[in-house]
Amino acid sequence: MEVLNSRMILRPGDHDRSVRFYRDVLGLAVCREFPGGTVFFLGQGYLEVSGQGDQGPSPDQVLWLQVRDLRATVDDLREQAVTVLAEPEHKPWGLHEGWIADPDGMRIVLVEVPADHPIRRDTRGD
């Protein structure tokens, strides 16, 4: 299988409310819009908000977003009345993580990768 592109698709309870959250609160740039849907740039992937959900997100689903400054991001989002589920903390696997929720309760983990973390290390010389 050759993967050429990827996106996560969310089926929100209220499309307009979710678009406002991802566009205006999180500041994601719109890639394209179509009747009933909006696709956002999401780093190296995409997030599509389309259709209508009726059960809400599964607790088994999490959106992972890497940010430059975790503390500043969480503080800014809290000021915008975003639900903070977990304060930023250093995790045993070496990442700094904080958790928020979108208007439908979709859990979003915000991640800051420290400079010395293996994700940032060039292993080509190892």
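That block above? That's the structure.
Each chain carries its own residue numbering, running from 1 in the written order of its sequence. Reporting in this predicted model follows two pLDDT cut-offs: at least 70 for local features of residues, and 80 or more for side-chain atom pairs to be given and counted; totals over whole chains, interfaces and linings ignore these cut-offs and use all residues. Side-chain numbers here rest on the full set of heavy atoms in the structure, without hydrogens or water.

> Residue-level account of the pairing of strand β4 (residues 45-50), with values.
Of all the six residues making up β4, five are buried; the element is thus mostly covered by neighbouring parts of the structure. The pairing criterion is simple: DSSP has to find at least two bridges between the two strands. Only runs of H or I of at least four residues qualify as helices and only runs of E of at least two qualify as strands under DSSP, and these elements are numbered from the N terminus. Sheet analysis places strand β1 (residues 7-10) next to β4, joined by four bridges and oriented parallel. Across the sheet, Arg7 pairs through a bridge with Tyr46, a residue of β4. The sheet contact formed by strand β3 (residues 37-42) and β4 spans six bridges and is antiparallel. Bridge pairing in β4 links Phe40 to Leu47. When accessible area is computed with a 1.4 Å probe and restricted to protein chains, residues below 20% of their type maximum are described as buried, those above 50% as exposed, and intermediate ones as partly exposed.

> How would you sum up helix α2 (residues 70-79)? Please name residues and give values.
What α2 keeps buried is the set Leu70, Val74 and Leu77. Around the axis of α2, the buried residues are gathered within 65° of arc, so they sit on the same side. Buried positions along α2 lie against α1 (15-25), β6 (83-90), β7 (96-101) and β8 (107-112). Phi turns positive one or two residues past the end of α2, at Ala81, with a value near 70°. For this quantity, the arc is that covered by the directions from the helix axis to the C-beta atoms. Between two residues, a contact is recorded if the distance between any of their heavy atoms is within 4.5 Å.

> Which residues make up the sheet that holds strand β5 (residues 62-66), and what values do they have?
Read across the open sheet, the four strands follow the order β5-β8-β7-β6; overall the sheet is mixed. The two strands at the open ends of the sheet, each matched to only one other strand, are β5 and β6. Taking each pair of neighbouring strands and ignoring which way they run, the sheet shows an average axis angle of 20°. Where β5 meets β8, five bridges bridge the pair, whose relative direction is parallel. Looking at the pairing, Leu63 lines up with Ile108 of β8. In this description, a line fitted to the C-alpha atoms serves as the axis of each element, helices being fitted only across the stretch in contact, and the angle between N-to-C directions of two axes falls anywhere from 0 to 180 degrees. Docked against the sheet, α2 engages β6, β7 and β8, running at close to 165° with respect to β6.

> An account of the environment of Ala101 is requested, with residue identities and associated values reported.
Take Ala101: it is sitting in strand β7. Assessed through its relative accessible area of 9%, Ala101 is described here as buried. Note: C-alpha distance between Ala101 and Val84 (17 residues apart in sequence) is 6.7 Å. In contact with Ala101, other than residues within four places in its own chain, are Phe21, Val82, Thr83, Leu85 and Met106.

> How would you summarise the packing of aromatic side chains if you had to cite specific residues and measurements?
The pairing test for Phe, Tyr and Trp rings, Trp by its six-membered ring, is centres within 6.5 Å, and the orientation test on the planes gives stacked under 30 degrees, edge-to-face over 60, and tilted for anything in between. According to the stated counting rule, one finds three aromatic pairs in the structure shown. On the basis of an interplanar angle of 90° and a centroid distance of 5.0 Å, the ring pair of Phe21 and Tyr22 is categorised as edge-to-face. On the basis of relative accessible area, Phe21 is assigned to the buried category, the value being 6%. With a centroid separation of 5.7 Å and an interplanar angle of 40°, the aromatic rings of Phe41 and Tyr46 are classed as tilted. Taken together, the aromatic side chains of Phe21, Tyr22 and Phe40 make up a single cluster linked through ring pairs. Two conditions define a charge located above a ring, namely a distance within 6 Å from the ring centre to NZ of Lys or CZ of Arg, and an angle within 35 degrees of the ring normal. The cationic tip of Arg7 hangs over the ring face of Tyr46; the distance from NZ or CZ to the ring centre is 5.8 Å.

Keep in mind these numbers describe shape, not what the thing actually does.
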